[in-house]
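Results of the structural survey
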Amino acid sequence: MAEKPYTANEVAAIDAAKFQPLQKNTKEEREAIATPSLTFFQDSWRRLKKNKAAVFSIILLVFIIAISIITIFVSPHDPTAQNVKFTNLPPKIPGIDINGLNGYAMVGGNLVDKYAAANVPEGTYYLLGTDGLGRDLLSRLFVGTRISLLIAFIAAMLDIVFGVTYGLISGLLGGRADNVMQRFLEILSGIPNLVVMILMLVVFEPGIPSIVAAMAITNWIPMARIVRAQTMKLKDQEFVLAATTLGESRSKIAMKHILPNISSVIIVQMMFSIPSAIFFEAFLSFIGLGLKPPAASLGMLLSDGYKTFLFLPYQMWVPAVTLSVIMIGFNLLADGLRDAFDPKMKE
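Residues numbered from 1 in each chain as written. Predicted model: local features only at pLDDT ≥ 70, side-chain atom pairs only at ≥ 80, totals over all residues. Heavy atoms only, no water.

Structural notes on the UniProt feature "transmembrane region" (unreviewed entry) in the chain
Summarizing the sequence annotation, UniProt attributes the feature "transmembrane region" (unreviewed entry) to residues 53-74, 147-172, 184-204, 210-227, 258-291 and 311-334 in the numbering used throughout. Taken end to end, residues 184-204 is 81% helix and 0% strand, and its two terminal C-alpha atoms sit 25 Å from one another. (UniProt positions renumbered as here; feature names shortened; annotations may be inferred. Helix = DSSP H or I, 4+ residues; strand = E, 2+ residues; numbered from the N terminus.)

The structure is reproduced here in structure tokens:
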């Protein structure tokens, strides 16, 4: 007697059964780890990638930093070259016929081609215009962004080296040592930054060394106080007491137990110190204690643009927008890193 042929549904059921996962009948199979374990930084990076604002900020900041580095070797014009014939030219972008971006400007109530009036050679463009000395603003913006970021990153490194180390030592030691160290911080914080900067000018000329020296004396104090407060809160926790009972040294406790748990606070404070350092440099440049011409920074560009803002607003708007974009990028990145590195934010 011939076998009854399988129906289409039966054939599909048999084929599906062939690909069913094996049953885990033993205890070892059921308790086996199905996914690979992740380190602290791998897990943090996984959660950081889910934050779209932080990822966008990373891309934006990497682009700005890359442009500032590339323009060391390639620049539209010499950022320090002066040409009194081409002073205060408006922006001119080839292919765009929009007043304000095509080389035309209002002079005496009339729209005038400033490039033709200044006899600018054909094919020469200043995408962001020129300043009062005929220097290309775009080239100076590249230089200014690079110098401002350099000062900002130096400030961040000073916060890490001095602030975190000082705060950890003060918080872990406690008692009389902590009291003496905090009184020393109060003495330093009572000295105004402007006074420190003037004292630095006695030793150094106006420039990056004097700004860095001033920041090295006072700007790391907020980081030290925050780290000290977090350290004192954590050093009485059970996991730290257990490590102490097991004979762990204070340096290992600080690096293995306390530092990872306060990393989010450190990162956020470090990110805030970067725009603060840029503003500090901008303030010093504004009052004439910053960089020495013909060097450029965002602060110097803002100071120069402020003088002619009512007549030539683009000279101030360009560095102001650049500074704002950098600040927003660092703030969004700080929020994303805070959530990613915080052990309490695990899903």
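Describing the side chain of aspartate 136
As for its position among the elements, aspartate 136 is in the loop between α5 (114-117) and α6 (137-173). Here aspartate 136 is buried and forms no salt bridge, its nearest opposite-charge partner arginine 140 lying at an N-O distance of 9.1 Å. What aspartate 136 contacts, discounting residues up to four positions off in sequence, is Pro76, His77, Tyr126, Gly129 and Thr130. (Buried < 20%, exposed > 50% of the residue type's maximum accessible area, 1.4 Å probe, protein only. Lys, Arg positive; Asp, Glu negative; His and termini not counted. Salt bridge = Lys/Arg side-chain N within 4 Å of Asp/Glu carboxyl O. Contact = heavy atoms within 4.5 Å.)

Some thoughts on the packing of α6 against helix α13 (residues 263-286)
Helix packing geometry: the angle between the two helix axes and the distance between the axes. Here α6 crosses α13 at 135°, and the two axes come no closer than 8 Å. Judged by the angle between their axes, α6 and α13 are oblique. Here α6 and α13 pass one another in a crossing that is right-handed. Judged by residue contacts, Ser148, Ile151, Ala152, Phe153, Ala155, Ala156, Asp159, Ile160 and Val164 of α6 engage Ile266, Met270, Ser273, Ile274, Ala277, Ile278 and Glu281 from α13. (Axes fitted to C-alpha atoms, helices over the stretch in contact; angles between N-to-C directions. Parallel < 35°, antiparallel > 145°, perpendicular 65-115°, else oblique. Left-handed = near helix turned anticlockwise from the far one by under 90°.)

Here's the deal with α6
For α6, built from 37 residues, the straight-helix expectation of 54 Å at 1.5 Å per residue is met to within 8% by its first-to-last C-alpha distance of 52 Å. Maximal helix bending in α6 amounts to about 25°, located at aspartate 159. Burial within α6 is extensive, with 26 of its 37 residues counted as buried. One or two steps after α6, the chain reaches glycine 174, where phi turns positive at roughly 65°. (Expected span 1.5 Å × (residues − 1). Bend = angle between axes of the 7 residues up to and from the residue.)

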